[in-house]
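Listed below are the residues making up each chain.
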Amino acid sequence: PTVAGKYLMTFQACLAVSGVGSMDMVGSIYKNGSIAATQKTYEDETVALSAYINIVVIFDANGTTDYFETAIYINGGAKNLLGTVTKTYWNVSRIA
């Protein structure tokens, strides 16, 4: 962000899982290259479903050097990230 303040960040990722057995999925928000928020889910399914990661957090940003990134790690199972705007997204809003 180029304006200092508090930012509400919402990150969601959705994977299509189709009876593939066990799978770990980790979603993270990074601030300045370091993990600042993370969520992990474990699925052990034999039927089709969707696996979600949801992270909602408020960060301070200095408006000059701070930067943010998101990442998803998937271990095993299906690796089909659903890229529609209602399934996988990252929203950032300055709130103060």
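Coordinates for the structure precede this section.
Residues numbered from 1 in each chain as written. Predicted model: local features only at pLDDT ≥ 70, side-chain atom pairs only at ≥ 80, totals over all residues. Heavy atoms only, no water.

Novice: Run through the side chain of S28, naming residues and quoting values.
Specialist: Within the secondary structure, S28 is located in strand β2 (residues 21-31). Within polar-contact distance, the side chain of S28 engages the side chain of T38 at 3.0 Å. Leaving out residues up to four positions away in the same chain, S28 has contacts with F11, I35, A37, T38, I55, E69, T70 and A71. (Helix = DSSP H or I, 4+ residues; strand = E, 2+ residues; numbered from the N terminus. Polar contact = N/O pair within 3.5 Å; in protein donor to acceptor, adjacent residues only side chain to side chain. Contact = heavy atoms within 4.5 Å.)

Novice: Please provide a residue-by-residue account of the nonpolar core, values included.
Specialist: In this structure, M9, M23, M25, I29, I55, F59 and F68 are the most contacted members of the largest nonpolar core, which totals 16 residues. Listed by contribution, the elements that provide at least two residues to this core are β1 (5-18), β2 and β4 (48-61). Dropping the residues within four chain positions of it, I55 is found in contact with M9, T10, F11, G27, S28, I29, A37, T38 and Q39. (Core = buried A, V, L, I, M, F, W, Y, C linked by side-chain atoms within 4.5 Å. Buried < 20%, exposed > 50% of the residue type's maximum accessible area, 1.4 Å probe, protein only.)

Novice: Kindly report on the pattern of salt bridges, identifying the contributing residues and their values.
Specialist: Summed over all chains, the structure comprises two salt bridges. Linking D60 and K6 is a salt bridge whose minimum nitrogen-to-oxygen distance equals 2.7 Å. Pair noted here: D60 is in strand β4 and K6 is in strand β1, with a separation of 54 residues, a long-range link. Accessibility expressed as a relative area gives 43% for D60, which makes it partly exposed. Across the salt bridge formed by D66 and K31, the nearest N and O atoms sit 3.9 Å from each other. Placement of the pair is D66 in the loop between β4 and β5 (68-75) and K31 in strand β2, with a sequence separation of 35 residues. (Salt bridge = Lys/Arg side-chain N within 4 Å of Asp/Glu carboxyl O.)

Novice: Now, about the environment of V3: what can you tell me, with residues and values included?
Specialist: Of note, V3 is situated in the segment before β1. A residue is classified by how much of its surface remains accessible, and V3, at 38% relative accessible area, is partly exposed. Counting along the chain gives 59 residues from V3 to N62, while the straight-line C-alpha distance between them is 7.2 Å.

Novice: Which residues make up the packing of aromatic side chains, and what are the values?
Specialist: One pass over the structure, following the stated rule, counts one aromatic pair. Here F59 and F68 contribute two aromatic rings whose centre-to-centre distance is 5.3 Å and whose plane-to-plane angle is 35 degrees, an arrangement assigned as tilted. Each member of the pair, F59 as well as F68, is classed as buried. (Phe/Tyr/Trp six-rings, centres within 6.5 Å; stacked < 30°, edge-to-face > 60°.)

Novice: Give me the lowdown on the environment of K87, citing residues and values where you can.
Specialist: Checked against the element boundaries, K87 lands in the loop between β6 (80-81) and β7 (89-94). Taking the C-alpha atoms as reference, K87 lies 8.5 Å from L15; in sequence the two are 72 residues apart. Setting aside chain neighbours within four positions, we find K87 in contact with Q12, A13, C14, Y52 and L82.

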